[in-house]
Every structure is written in structure tokens, then in C-alpha cells.
Amino acid sequence: MTTQTEEADEAAPGTGNGLGALIVPAILAIASTLVVIGNLTMDVQSDDSPGPTFFPWLLAIVGYALAAALAVHFVRHPDELARSETKFRTYTDWAAAGWLIGGLIAFAVLLDVLGWILAAALLFWCVTRAFNSKRPLFDVSVGLLLSSVVFLIFGVLLDVPLPSGILGGL
């Protein structure tokens, strides 16, 4: 037998059943579908193996598998409110989200100006800052190293030009 307060708690607005997290796998499935559509409409001129559609197909398959796994997890274990009236078991860290979103926007805006190496290092630093890293000099150094390696792999090995920005003349 339930009491009136327990019934009121169950029907309280905003408490939900925890299935709102299904938005994440839905967005991932939509993104994977867009990759599939892009792959199907891609005009491929070469017969090289594995070809330019190999990695997009791989990403689409992994995206669909991850979306399905997340959906099954969220249906089997919906997020429930903690028993405390003021605290939730999960929350959004808006400062971290701000660093991530700001880093992505700065990367997109500054990519042509700064070039791949500096813009990707800045993005790496913003991500580490979002994860509350306390070593900014180390983070920037690792970001510069990783972005330089990616620049060399794409530019030298794969012959895919990335923007060089202000470092282009060096």
C-alpha cells in the first residue's frame, strides 16, 4: 500500500522514468545514417582498395552498434532519481560543457587562421581543461605533439593537405 506522499512523488513533474537518455543513441543513429547517405552519394573516381568509402562505412557500423548498445543499456537501466530531495544522482557540469563547446567553436573559427597544428592543440587544451586538468603547460605540449603527428600523417603519408595557417611559411 502506498501513501499519498509516495504517489505524489511518483507523479511529480520532471521526475520522469529516466528514458530521456535515449536521445543520445537517437542522435548517434541519425549521425550514422548521415554518414551512410554521404557514402552512398559519394562520387568515387578510383578503384583503390580500401578506397575513400572504407572508413566512413566503418564509422557508420560502429555508430549503429554503439547506438544500439546504449539504447539497450538505457532501457534496461533507466536513470532514477536519488532518494535525496535536493540532489540528483547525475548532473550536468556546465563549466566543462562550456570549455568543450567553446573549444570546438574556437577550433572551427581559427582553423584557417592558426592552422591545424595550433588549432588542434588549442582544442586539446580546452578538452583537458574541461576534464579539470591542473597541468596546462603539459596539456599544451601534448596537444602540440599530437596535432603535429596527425599533421605529418595526413600531409606526408596520406597526401591530404591540412590547413597550415600562420605556420605555413616556416
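Quick caveat, the model's predicted, so the values are computed rather than measured.

Novice: Tell me about the packing of aromatic side chains, and please be specific about residues and values.
Specialist: Scanning the model with the defined rule gives three aromatic pairs in all. For the pair Phe54 and Phe55, a centre-to-centre distance of 5.1 Å together with 75° between the ring planes defines the contact as edge-to-face. Of the residues examined, Phe54 reaches a relative accessible area of 39% and is grouped as partly exposed. By relative accessible area, which is 55% here, Phe55 ends up exposed. Here the aromatic rings of Trp99 and Trp125 are separated by 5.2 Å at their centres, their planes lie at 85°, and the arrangement is edge-to-face. With Trp99 in helix 4 (residues 94–114) and Trp125 in helix 5 (residues 116–130), this residue pair connects regions lying 26 residues apart in the sequence. Given the relative accessible area of 23%, Trp125 is considered partly exposed. Above the face of the Phe138 ring, Arg135 is positioned so that its terminal group lies 4.3 Å from the ring centre.

Novice: Quick one: what's the story with the packing of helix 4 against helix 5, residue by residue and with numbers?
Specialist: One can describe the packing of helix 4 onto helix 5 by two numbers: an axis separation of 8 Å at closest approach and a directional angle of 175°. When the axes of helix 4 and helix 5 are compared, the pair comes out roughly antiparallel. Only Trp116, Leu118, Ala119, Ala120, Leu122, Leu123, Trp125, Cys126, Val127, Arg129 and Ala130 of helix 5 make contact with helix 4, whose side of the interface consists of Ala96, Trp99, Leu100, Gly103, Leu104, Ala106, Phe107, Leu110, Leu111 and Leu114. Counted by class, the contact of helix 4 with helix 5 contains 19 nonpolar, one polar and one charged residues.

Here is what the cut-offs are and how they apply
- Residue numbering note: each chain is counted from 1, following its sequence as written.
- In keeping with the model being predicted, local features are shown solely for residues with a pLDDT of at least 70 and side-chain atom pairs are shown and tallied solely at 80 or more, while totals for entire chains, interfaces and linings include all residues.
- The basis for every side-chain value is the complete set of heavy atoms in the structure, and neither hydrogens nor water enter the calculation.
- Think of it this way: a Phe, Tyr or Trp ring, Trp meaning its six-membered ring, pairs with another when their centres are within 6.5 Å, and the plane angle makes it stacked under 30 degrees, edge-to-face over 60, tilted otherwise.
- Working definition: with a 1.4 Å probe on protein chains only, accessible area under 20% of the residue-type maximum means buried, over 50% means exposed, and in between means partly exposed.
- What counts as a helix is a DSSP run of H or I of at least four residues, what counts as a strand is a run of E of at least two, and both are numbered from the N terminus.
- Consider the ring centre and the ring normal. A charge sits over the ring if Lys NZ or Arg CZ is within 6 Å of that centre and within 35 degrees of that normal.
- For helices, the fitted axis covers only the stretch in contact; all axes are lines through C-alpha atoms, and the angles between them, taken along N-to-C directions, range from 0 to 180 degrees.
- Orientation categories follow fixed angle ranges, with anything under 35 degrees roughly parallel, anything over 145 roughly antiparallel, 65 to 115 roughly perpendicular, and all other angles oblique.
- Residue contacts follow a heavy-atom distance rule, with two residues in contact if any of their heavy atoms lie within 4.5 Å.
- Ten residue types, Ala, Val, Leu, Ile, Met, Phe, Trp, Tyr, Cys and Pro, are classed as nonpolar, four, Asp, Glu, Lys and Arg, as charged, and the remainder, Gly among them, as polar.

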